[in-house]
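# Structure assessment
Take a look at the letters that make up each chain.
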Amino acid sequence: MGKEITSREQDYSQWYNDLIIKGGLADYSAVRGCMVIKPYGYTLWENMRDVLDKMFKETGHVNAYFPLFVPKSLFEAEEKNAEGFAKECAIVTHYRLKTDPDNPGKLKVDPEAKLDEELIVRPTSEAIIWNTYKGWIQSYRDLPLLINQWANVVRWEMRTRLFLRTAEFLWQEGHTAHATKEEAIQETTKMLDVYADFVENWMALPVVKGVKTPNERFAGAEDTYCIEALMQDGKALQAGTSHFLGQNFAKAFDVKFSDKENKLDYVWATSWGVSTRLIGALVMAHSDDDGLILPPKIAPLQVVIVPIYKGDDQKAQIDAKVAEIVAALKAAGVSVKYDDSENARPGWKFAEYEMKGVPVRIAIGARDLENNVVEVARRDTKEKKSYSFDGLPQQIIALLADIQQNIYNKAKAHRDTHITSVDTWDEFVKTLDEKTGFVSAHWDGTPETEEKIKDMTKATIRCIPLNNAQEAGKCILTGNPSTQRVLFARAY
RNA sequence: CGGGAAGUAGCGCAGGCCGGUAGCGCAUCUGGUUUGGGACCAGGGGGUCGCAGGUUCGAAUCCUGUCUUCCCGACCA
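The rules behind the values
- Residues numbered from 1 in each chain as written.
- Chains lettered and ligands numbered in written order.
- Predicted model: local features only at pLDDT ≥ 70, side-chain atom pairs only at ≥ 80, totals over all residues.
- Heavy atoms only, no water.
- Helix = DSSP H or I, 4+ residues; strand = E, 2+ residues; numbered from the N terminus.
- Buried < 20%, exposed > 50% of the residue type's maximum accessible area, 1.4 Å probe, protein only.
- Contact = heavy atoms within 4.5 Å.
- Disulfide = S-S within 2.5 Å.
- Pairing = 2+ DSSP bridges.
- Axes fitted to C-alpha atoms, helices over the stretch in contact; angles between N-to-C directions.
- Near = heavy atom within 4 Å.
- Polar contact = N/O pair within 3.5 Å; in protein donor to acceptor, adjacent residues only side chain to side chain.
- Nonpolar A, V, L, I, M, F, W, Y, C, P; charged D, E, K, R; others polar.
- Right-handed = clockwise from strand over helix to strand, strands pointing away.
- 1 Å grid on protein atoms, 1.4 Å probe; cavity = no way out; pocket = protein on both sides within 12 Å on 5 of 7 lines; lining within 4 Å.
- Points joined across faces, edges and corners; volume = space filled by probe spheres on them.
- Domains from an automatic or database assignment.

## Comments concerning the overall build of chain A
- Of regular secondary structure, chain A possesses 14 helices and 26 strands.
- Dimensions of chain A along its principal axes, counting C-alpha atoms only, are 80 × 70 × 55 Å.
- Of all 492 residues assigned to chain A, the portion counted as buried reaches 51%.
- By sequence separation, contacts in chain A at least 24 residues apart represent 68% of the contacts at least 6 residues apart.

## Some details on the state of the cysteines
- In total, this model carries zero disulfides according to the counting rule given.
- Cys226 supplies the cysteine sulfur nearest to Cys463, a cysteine that is in no disulfide, at a spacing of 4.6 Å.

## Looking at the sheet that holds strand E5 (residues 91-94)
- Strand order across the open sheet formed by three strands is E4-E8-E5, with antiparallel pairing between neighbours. In this open sheet, the two edge strands, each paired with only one partner strand, are strand E4 (69-71) and E5. Across this sheet, the average inter-strand angle for adjacent strands is 35°, counted without regard to direction.
- As paired strands, E5 and strand E8 (residues 114-121) are joined by three bridges and run antiparallel to one another. Along E8, the bridge assignment pairs His94 with Lys114.

## Overview of the protein's contact with RNA strand B
- Surrounding RNA strand B, one finds 44 residues, the nearest of these being Arg159, Arg165, Arg277, Arg345 and Asp368.
- Within 4 Å of the protein, atoms of RNA strand B come from sugar and phosphate in 45% of cases.
- Note that a phosphate oxygen of RNA strand B is positioned 3.4 Å from one of the side-chain N or O atoms of Tyr28.
- Sorting the residues of the surface near RNA strand B by element identifies helix H1 (12-22), helix H10 (346-355), strand E19 (360-365) and helix H11 (366-371) as the ones contributing at least two each.
- If you tally residues by element for the surface near RNA strand B, the top one is H10, at seven residues.
- Looking at the surface near RNA strand B residue by residue, the classes come out as 14 nonpolar, 10 polar and 20 charged.

## Quick word on the pairing of strand E23 (residues 438-442)
- By the criterion of burial, E23 is predominantly enclosed, with five of the five residues buried.
- Summarising the sheet, strand E22 (residues 419-421) and E23 pair through three bridges and their orientation is parallel. Counted as the bridge partner of Ile419 is Phe438 from E23.
- On the question of chirality, the crossover connecting E22 to the parallel E23 by way of helix H13 (residues 425-435) is right-handed.
- Both E23 and strand E26 (residues 481-489) contribute to a ladder of four bridges, which runs antiparallel. Bridge pairing in E26 links Ala441 to Val486.

## Notes on the layout of surface pockets
- Taken as a whole, the largest pocket spans an internal volume of roughly 1500 Å³.
- Lining the largest pocket we find 46 residues, and of these Glu88, Arg155, Glu157, Gln238 and Arg277 sit closest to its centre.
- Mapped by element, the contributors of at least two residues to the lining of the largest pocket are helix H4 (79-86), strand E10 (168-178), strand E13 (236-246), strand E16 (268-275), helix H8 (277-286), helix H14 (447-457) and strand E24 (460-465).
- For the lining of the largest pocket, the element with the most residues is E13, which contributes six residues.
- Taken domain by domain, the lining of the largest pocket gets at least three of its residues from each of domain 1 (29-89 + 117-286) and domain 3 (419-489).

## Some thoughts on the domain arrangement of chain A
- Entries for chain A in the domain assignment read domain 1 (29-89 + 117-286), domain 2 (303-400) and domain 3 (419-489).
- Between the C-alpha centres of domain 2 and domain 3 the distance comes to 50 Å.

## Points about the side chain of His178
- Looking at the element boundaries, His178 is found in strand E10.
- A relative accessible area of 2% places His178 in the buried class.
- Reaching out from His178, the side chain makes a polar contact with the side chain of Thr176 at a distance of 2.7 Å.
- Ignoring any residue separated from it by four or fewer positions in sequence, one finds His178 in contact with Leu143, Pro144, Leu146, Glu183, Ala184, Glu187, Val267, Trp268 and Thr270.

This is the structure in structure tokens:
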């Protein structure tokens, strides 16, 4: 029959893989750790990208593009950052191949063509960008510099997973320079808000905004802010990060400016990014055992129409009606596809589009034509209803909005019921093992304790929530005094 | 990078121990009947068995190497 999807209960990881592959989002490739993003998945990414890009521009940013390669000497300039990424860098050492005399028809690396200085394939672009900014910034009048780039980056991961962790991935990285510390911090939190807004309102995925502990902080940053989402299996996933970089990169790349008093100072920096990993989050947060469930606002296709007919006469009548519906929906800004292909029967198409997560399916047959209705099925609840032709576009738009809201509510209910406050170590471990999700607990604030907890339970501190309530307590592990609870979880 | 599993037609698999020139289901093509939840009948096409070496008269099968993927661990967004 059709393509079977492994159930979540049976094998959550395989379920996730099945959704990606069978839902047509991506494919494995011939390159280790790298995937092919298929048209359906890429359209999803384009939709996400378009919304984010607009948000970035509305907040004053412009796009630019910097090189894929970073000379090693630049890469290592900011030491902490370089060290943080050193273990997962791809390196270009040669620039030419030649025919192999020992192996006719084959090529080999030309040893004569060794680069004097190796090029690092960017795992992130701070180095090349700050090296460039040095030439662009002299005065406070050049600030703030608010630049974003859409790019691919490479991180040579040991273990890869479709969308969640691939050796090459697509993302955007914002890199800004400011005259004051306050302004840079403001930028950092502003972009965090943009991410939270996007993920919650477009991807229908509730997030916790917070700050990372030093252990989890981006290498080279003073502070890393993040949004954390919760997946259906109770594991957390970092959905976006925004870093306050202080003057670390300005100092490493000697980027100074004259202020209004004609005093020289290093500029203050931020960087922030979200990646195709968000697609992994989207898939894991909303989907079910029948396939993907995609939020209408970013779904590659919002409505699919399937005809049900006997004979050419009926088909012709349905075609005519559907043409009207398609035109009306398109005019209303709804993306719609009429699938009248002959090679699949209606039931097969129903299952197929459910697997692909198309939010709304319209079925129309002779019986519907007589009654002046269509059958509308929503993917999120599987509920089916007859809708009148009259005012159909408005009803569909309302339905899409309702689906968007329902998906969000469902994810939020799951998230909210999976933030558990605990005060003893037994409860802590038990909650992680049995209930899963975020565990809110006191922590003495030391990296050593955080590390110990990680070794013992595999749980990390996902974040210290912003505007966290201050509350005296005792560390869950050491019993030492603590001033606030932090969120622990096992994470992707 | 360690431990386990896998790679044979587009997809899912059998065959492999015991070497003899490849098979099943789905998909696909043709014809017909069908169409309100993954249709049915009949006929047809499609595979250098991941890749590279080796053993052998002969390799999907045995040996060596290598690549890719999955699961579990260490590392990470």
